[in-house]
Amino acid sequence: MNSTNFSNQFALNNDWGGIMEGLTHYLKSIVKQSMEEVIQDKMYENVVVDQNLTTKQLLDRWKISDTTLLSWEKQGRISPIKIGGKKKLYSLKDVKETEAYFNLKIRA
């Protein structure tokens, strides 16, 4: 092997090592960012679940049908928080106020 080929081979190996190092750093940053987003989403879910009820949770809590709930919404007894599309949440504070005002009994 002559010295020119060795020099070219050495430069190619150094470039490849730099590319691999850069790629590794880039992939680690993507994984880190993704993990942070998952953690933030999970923290948000915990807050949302702690302070709000889903439609199913409210129906189970009040032991009513979805038709009755829709009727009560139209009457203004309870107002949902719309979160994109057809999904709704109900503020736990509003739920408790509605229970107190209408003297709703919670059945376990």
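The structure under discussion appears in the preceding block.
Residues numbered from 1 in each chain as written. Predicted model: local features only at pLDDT ≥ 70, side-chain atom pairs only at ≥ 80, totals over all residues. Heavy atoms only, no water.

A. Molecular detail of a nonpolar patch on the surface. The grouping of Trp16, Ile19, Met20, Leu23, Tyr26, Leu27 and Ile30 at the surface amounts to a nonpolar patch, some 700 Å² of accessible area in total. Here Ile19 is to be found in helix 1 (residues 3-51). (Patch = residues over 30% accessible without salt bridge, like charges linked within 9 Å, V, L, I, M, F, W, Y side chains within 5 Å. Areas by Shrake-Rupley, 256 points an atom, 1.4 Å probe, with all protein chains shown as cover. Salt bridge = Lys/Arg side-chain N within 4 Å of Asp/Glu carboxyl O. Helix = DSSP H or I, 4+ residues; strand = E, 2+ residues; numbered from the N terminus.)

B. Focus on the sheet that holds strand 3 (residues 88-91). Strand order in the open sheet formed by three strands is 1-3-2, with antiparallel pairing between adjacent strands. The open sheet has two edge strands with one neighbour each: strand 1 (52-54) and strand 2 (81-82). Both strand 2 and strand 3 contribute to a ladder of two bridges, which runs antiparallel. Residue pairing for strand 3: Lys82 is matched across the bridge by Lys88. On the sheet, helix 4 (residues 92-101) packs against strand 1 and strand 3 and is oriented at approximately 60 degrees with respect to strand 3. (Pairing = 2+ DSSP bridges. Contact = heavy atoms within 4.5 Å. Axes fitted to C-alpha atoms, helices over the stretch in contact; angles between N-to-C directions.)

C. A look at unusual backbone geometry. Notably, Lys63 is not glycine yet its phi reads approximately 55 degrees, a positive angle. With respect to the helices and strands, the residue Lys63 is situated in the loop between helix 2 (55-62) and helix 3 (66-75). Judged by relative accessible area, which is 42%, Lys63 ranks as partly exposed. (Buried < 20%, exposed > 50% of the residue type's maximum accessible area, 1.4 Å probe, protein only.)

D. Local environment of the side chain of Lys88. On the secondary structure map, Lys88 appears in strand 3. Residue Lys88 is classed as buried on the basis of its relative accessible area of 18%. At a separation of 3.2 Å, a polar atom in the side chain of Lys88 contacts the side chain of Glu73. With sequence-adjacent residues up to four places away left out, Lys88 is seen in contact with Leu53, Thr54, Thr55, Leu70, Glu73, Pro80, Ile81, Lys82 and Ile83. (Polar contact = N/O pair within 3.5 Å; in protein donor to acceptor, adjacent residues only side chain to side chain.)

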